[in-house]
Amino acid sequence: MIDFDQIKILYQLGRNLTLADARILMNASQPKSYAVGDHLIKEGAVKKEVFFIKKGLVRGYRVNDKGIEITGLVRREYQIVVSVNVILFDQPSESYYQALEPTEVFCMDYDTIQNIVAKYPKLEANRRFILLNLIKELSYRVLSVVFKSPEERYLDFVKKNPNIINRVHDKYIANILGITPVSLSRIRKRIASKPPKK
């Protein structure tokens, strides 16, 4: 039986995927559900898992030496959750990945993906496309912190994530932007006070 939810997600993630390609990947994935607060990946984890979010919201965070959680990213529907350290460098995860909402995912073992790609080389382009997008996102975030103002970073975040801005706690958004919750509040007030563009 075809799971059209899986196919929809795979088409969102991949590039030039055929129905046959999607079936190959579907057969290798397992549906999983997480309650609010559950962890998909914990710091120190070494299991090479890749999660495709069907429904829900996941944040990635680290705990600093003072015991404070610092959120670095938020993943929403049709996005990937993965520890780059684990799958690319064979090192333990340095971050936690936690469900912020009831979350449903399709989980795949990365070594299984490697084996599938070895059998079906055409899928290599999709794997490369996904990994390059992850690297591109990390590079963009570093450059935006260096070259963009906090307000510009906030506006970018809203533009790229319009459907989750009201689903994520302000302190997590502030962490992602590299500012304090107080600064985030000031930015929002400043934007709200500006006259609308004609």
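The structure we're discussing is the one just above.
Keep in mind the model is a prediction, meaning the values are calculated, not measured.

S.K.: Would you mind showing me how to read helix α7 (residues 170-177) here?
M.R.: Side chains that are three or four residues apart share a direction in an α-helix, a result of its 3.6 residues per turn. Three or more residues of α7 are buried, namely Tyr 172, Ile 173, Ala 174, Ile 176 and Leu 177. Gly 178, located one to two residues past α7, shows a positive phi value of around 75 degrees.

S.K.: Could you clarify how one ought to interpret a nonpolar patch on the surface in this entry?
M.R.: Side chains of Val 142, Leu 143, Val 146 and Phe 147 sit close together on the surface and give an oily, nonpolar patch of about 440 Å² of accessible area. Take Val 142: it is sitting in helix α5 (residues 124-147).

S.K.: Where do I start with the pattern of salt bridges in this structure?
M.R.: With the rule as written, the count across this model stands at 13 salt bridges. Its salt-bridge partner being Lys 48, residue Asp 111 comes within 3.9 Å of it at the nearest N-O pair. Within this pair, whereas Asp 111 is found in helix α4 (residues 110-119), its partner Lys 48 is found in the loop between β2 (39-41) and β3 (49-55), the two being separated by 63 residues in sequence. The class for Asp 111 is partly exposed, based on a relative accessible area of 37%.

S.K.: Is there a simple way to explain the packing of α7 against helix α8 (residues 181-193) in this structure?
M.R.: Remark: α7 packs on α8, axes separated minimally by 8 Å, with the N-to-C direction vectors making an angle of 95 degrees. Taken together, the axes of α7 and α8 lie roughly perpendicular to each other. Taking contact as the criterion, the partners of Asp 170, Lys 171, Ile 173, Ala 174 and Leu 177 in α7 are, on α8, Pro 181, Leu 184 and Arg 188. Its residues placed into classes, the contact of α7 with α8 shows five nonpolar, no polar and three charged.

S.K.: How should I be thinking about the nonpolar core in this particular structure?
M.R.: Note on soluble globular proteins: their nonpolar side chains tend to be buried together. If you look at the biggest cluster of nonpolar residues, it comprises 17 residues, and the most contacted ones within it are Val 50, Phe 52, Ile 80, Val 82, Met 108, Tyr 110 and Ile 113. For this core, the secondary-structure elements that each account for two or more residues are α2 (19-27), β3, β8 (103-109), α4 and α5. Per-element tally for this core: the top contributor is α4, with four residues. Aside from chain neighbours lying at most four places away, what touches Met 108 is Leu 25, Ala 28, Ser 29, Lys 48, Glu 49, Val 50, Phe 52, Ile 113 and Ile 116. Counting 16 residues, the second-largest nonpolar core is a separate cluster that includes Tyr 154, Ile 164, Ile 165 and Tyr 172.

S.K.: Help me understand unusual backbone geometry, please; the structure alone is not making it clear to me.
M.R.: A negative phi holds for most residues other than glycine; trans holds for most peptide bonds. Positive phi, normally seen in glycine, also occurs at Tyr 78, with a value near 70 degrees. One can find Tyr 78 in the loop between β5 (69-75) and β6 (80-81). A positive phi angle is found at Asp 90, which is not glycine, with a value near 55 degrees. Tracing the backbone through its elements, the reader meets Asp 90 in the loop between α3 (84-89) and β7 (96-99).

Thresholds applied
Residues numbered from 1 in each chain as written. Predicted model: local features only at pLDDT ≥ 70, side-chain atom pairs only at ≥ 80, totals over all residues. Heavy atoms only, no water. Buried < 20%, exposed > 50% of the residue type's maximum accessible area, 1.4 Å probe, protein only. Helix = DSSP H or I, 4+ residues; strand = E, 2+ residues; numbered from the N terminus. Patch = residues over 30% accessible without salt bridge, like charges linked within 9 Å, V, L, I, M, F, W, Y side chains within 5 Å. Areas by Shrake-Rupley, 256 points an atom, 1.4 Å probe, with all protein chains shown as cover. Salt bridge = Lys/Arg side-chain N within 4 Å of Asp/Glu carboxyl O. Axes fitted to C-alpha atoms, helices over the stretch in contact; angles between N-to-C directions. Parallel < 35°, antiparallel > 145°, perpendicular 65-115°, else oblique. Contact = heavy atoms within 4.5 Å. Nonpolar A, V, L, I, M, F, W, Y, C, P; charged D, E, K, R; others polar. Core = buried A, V, L, I, M, F, W, Y, C linked by side-chain atoms within 4.5 Å.

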